[in-house]
Amino acid sequence: MERGAALSAAAVALLLAGCTNGGHGDDRATPKDTAGTTAGGSPSASGGASASPSASSEPYTLAEAVAPKTRAEAVAFVRELTVQPDYFGTGYRRRDPYELGPTSWAVLGEDCLWRREALPSTVLASLTRMFVRPGTDGKGAVYVSLTVTVHVSTRQARRDMASSLNEPLRCPQERLNATDTVQDMASRGDPFGEQRNATTDDDLTEFGEYVVDGDAKPRGFDWYKHRLGPVTVAATVRHAAGESEQEQTSLSEAALSGVGYVTASVDNYGRNRASATPSGTASAEVKGAGDE
């Protein structure tokens, strides 16, 4: 599904390349990337991910049987997940504040304003980490946020993905805070094996722009969201003013690689848990399961 302005050259290049990752983000108040993102497994517990995922016959996933079952387990799960600044490219560092959550997330209200709210009963934990690459060569800073959210079930995670895909239709302009607005978003969703070479159970991609009140020109905005069973991993990139198409594409691809490291770690967490689980109790996701 697509809406809004035509995709930029950078966006088209990424889509054709099969880049697949997944919330919008605000660097000061209510990042969209905290909205509807699911918490994943721990690289520290699994030894980390050495490479981002590549196309294969099986998606990266997390079997519901080995996913966290309680809020305490889910909080520990997202806390232990390693997310390094250099996952997204060179020159990034932690922002202040660095984390949002894990007992709250961002919700897009009926007035199209993002607000942080307590987690609903369908979500166990959600944690956002925020990074910045300071401006250089006369260009502004680049902001990246990554959110991992743990839902109570795969079915609820699917519903969250569907809700996220519908957000640009419901709110053509999304207010991130008192000064920043996201607009002209073009979005699409892809289950594993359909349309693009997705690497997880399903993913969403959005490209558009964000506008800062008082600035003459809008800036590029990317949003990626992946689902692995009951867990979602989402990331946003807020580009600097004055970037060329080539620079924007390079930054977007680097951010997607960072999401890949995290989704690989979530998958690795699940495999490690499954190997310690009696055979037959931790099956992979079956298409249509939980949709009754």
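Every residue gets a number counted from 1 within its own chain, in the order that chain's sequence is written. Predicted model: local features are reported for residues with pLDDT of at least 70 only, side-chain atom pairs are reported and counted for 80 or more only, and whole-chain, interface and lining totals are derived from all residues. With hydrogens and water stripped out, all remaining heavy atoms of the structure feed into the side-chain values.

A tally of helices and strands in the protein chain yields 5 helices and 10 strands. Looking at the protein chain residue by residue over its 292 residues, the buried ones come to 54%. Computed by Shrake-Rupley with a 1.4 Å probe, the accessible areas treat only the displayed protein chains as cover when residues are assessed. Total accessible area computed for the protein chain in this model is approximately 11,900 Å², and 49% of it derives from carbon and sulfur atoms. Put simply, DSSP marks the helices as runs of H or I at least four residues long and the strands as runs of E at least two long, and each gets a number from the N terminus on. For every residue, the accessible area (1.4 Å probe, protein chains only) is compared with the maximum for its type, and the residue is labelled buried under 20%, exposed over 50%, or partly exposed between those bounds.

We now examine the packing of aromatic side chains. Working definition: rings of Phe, Tyr and Trp (its six-membered ring) pair if their centres are within 6.5 Å, and the pair is stacked with planes under 30 degrees apart, edge-to-face with planes over 60 apart, and tilted otherwise. Throughout the structure, instances matching the rule amount to 7 aromatic pairs. Note on F88 and F131: the rings are 5.3 Å apart at their centroids and 45° apart in plane angle, and the pair reads as tilted. In this pair, F88 is assigned in the loop between helix 3 (71-80) and strand 1 (93-100) and F131 in strand 4 (residues 123-133), connecting sequence segments 43 residues apart. F131 shares its class with F88; the two are buried. For the pair Y98 and F131, a centre-to-centre distance of 5.6 Å together with 70° between the ring planes defines the contact as edge-to-face. Within this pair, whereas Y98 is found in strand 1, its partner F131 is found in strand 4, the two being separated by 33 residues in sequence. Here the two residues Y98 and F131 agree in accessibility, since each one is buried.

What follows is about the nonpolar core. Take the buried residues of types Ala, Val, Leu, Ile, Met, Phe, Trp, Tyr and Cys, join any two whose side-chain atoms come within 4.5 Å, and each joined set is a nonpolar core. Counting 39 residues, the largest nonpolar core has L62, F88, L146 and V233 as its most contacted members. If you look at the next biggest cluster of nonpolar residues, it comprises 16 residues, including L165, V182, M185 and V212.

Before going further, it helps to examine the pairing of strand 5 (residues 142-151). Of all 10 residues that make up strand 5, 9 are buried, and the element is covered over most of its length. Here, a strand pair is defined by DSSP locating no fewer than two bridges between the strands. As defined by bridge partners, strand 4 adjoins strand 5 across 10 bridges and the pair is classed as antiparallel. What sits directly across from R129, in strand 5, is L146. Here strand 5 runs beside strand 10 (residues 231-238); their pairing, made up of 8 bridges, is antiparallel. Residue V148 lies in a different strand from strand 10, and its bridge partner there is V233.

Averaged over the protein chain, the pLDDT score is 79; the fraction of residues at 70 or greater is 72%. pLDDT runs from 0 to 100 and stands for how confident the predictor is about each residue. Per-element confidence in the protein chain is highest for strand 4, whose mean pLDDT is 98, and lowest for helix 2 (residues 43-46), whose mean pLDDT is 37. Contact criterion: two residues are considered in contact whenever any of their non-hydrogen atoms come within 4.5 Å of each other. Low pLDDT, under 50, characterises residues 1-55; the stretch is placed with 224 contacts to residues that sit more than four places away or in other chains.

Looking now at the pattern of salt bridges. The term salt bridge refers to a side-chain nitrogen of Lys or Arg lying within 4 Å of a carboxyl oxygen of Asp or Glu. If you walk through the whole model with that rule in mind, you get 11 salt bridges. Among the ionic pairs, D180 bridges to R238, the shortest N-O distance being 3.1 Å. In this pair, D180 sits in strand 7 (residues 180-191) while R238 sits in strand 10, placing the two residues 58 residues apart along the sequence. For the residue pair D180 and R238, the accessibility class agrees, reading buried in each case. Between R219 and D215 there is a salt bridge, with the nearest N and O atoms lying 2.4 Å from each other. Three or more residues joined by partner-sharing salt bridges are found here, namely R79, E99 and R129.

For an α-helix, 3.6 residues make a turn, and residues three or four places apart therefore share a direction. Taking 1.5 Å per residue, 17 residues should reach 24 Å; helix 4 (residues 154-170) reaches 24 Å between its end C-alpha atoms and fits that length. Within helix 4 the residues assigned to the buried category are T154, Q156, A157, R158, D160, M161, S164, L165, E167 and P168. For a helix, the expected span equals 1.5 Å multiplied by the number of residues minus one.

Turning our eyes to something else, we now look at unusual backbone geometry. Following D96, the chain continues to P97 via a peptide bond in cis, the omega torsion being 5°. Of note, P97 is situated in strand 1. With omega at 10°, the peptide bond leading from G101 into P102 counts as cis.

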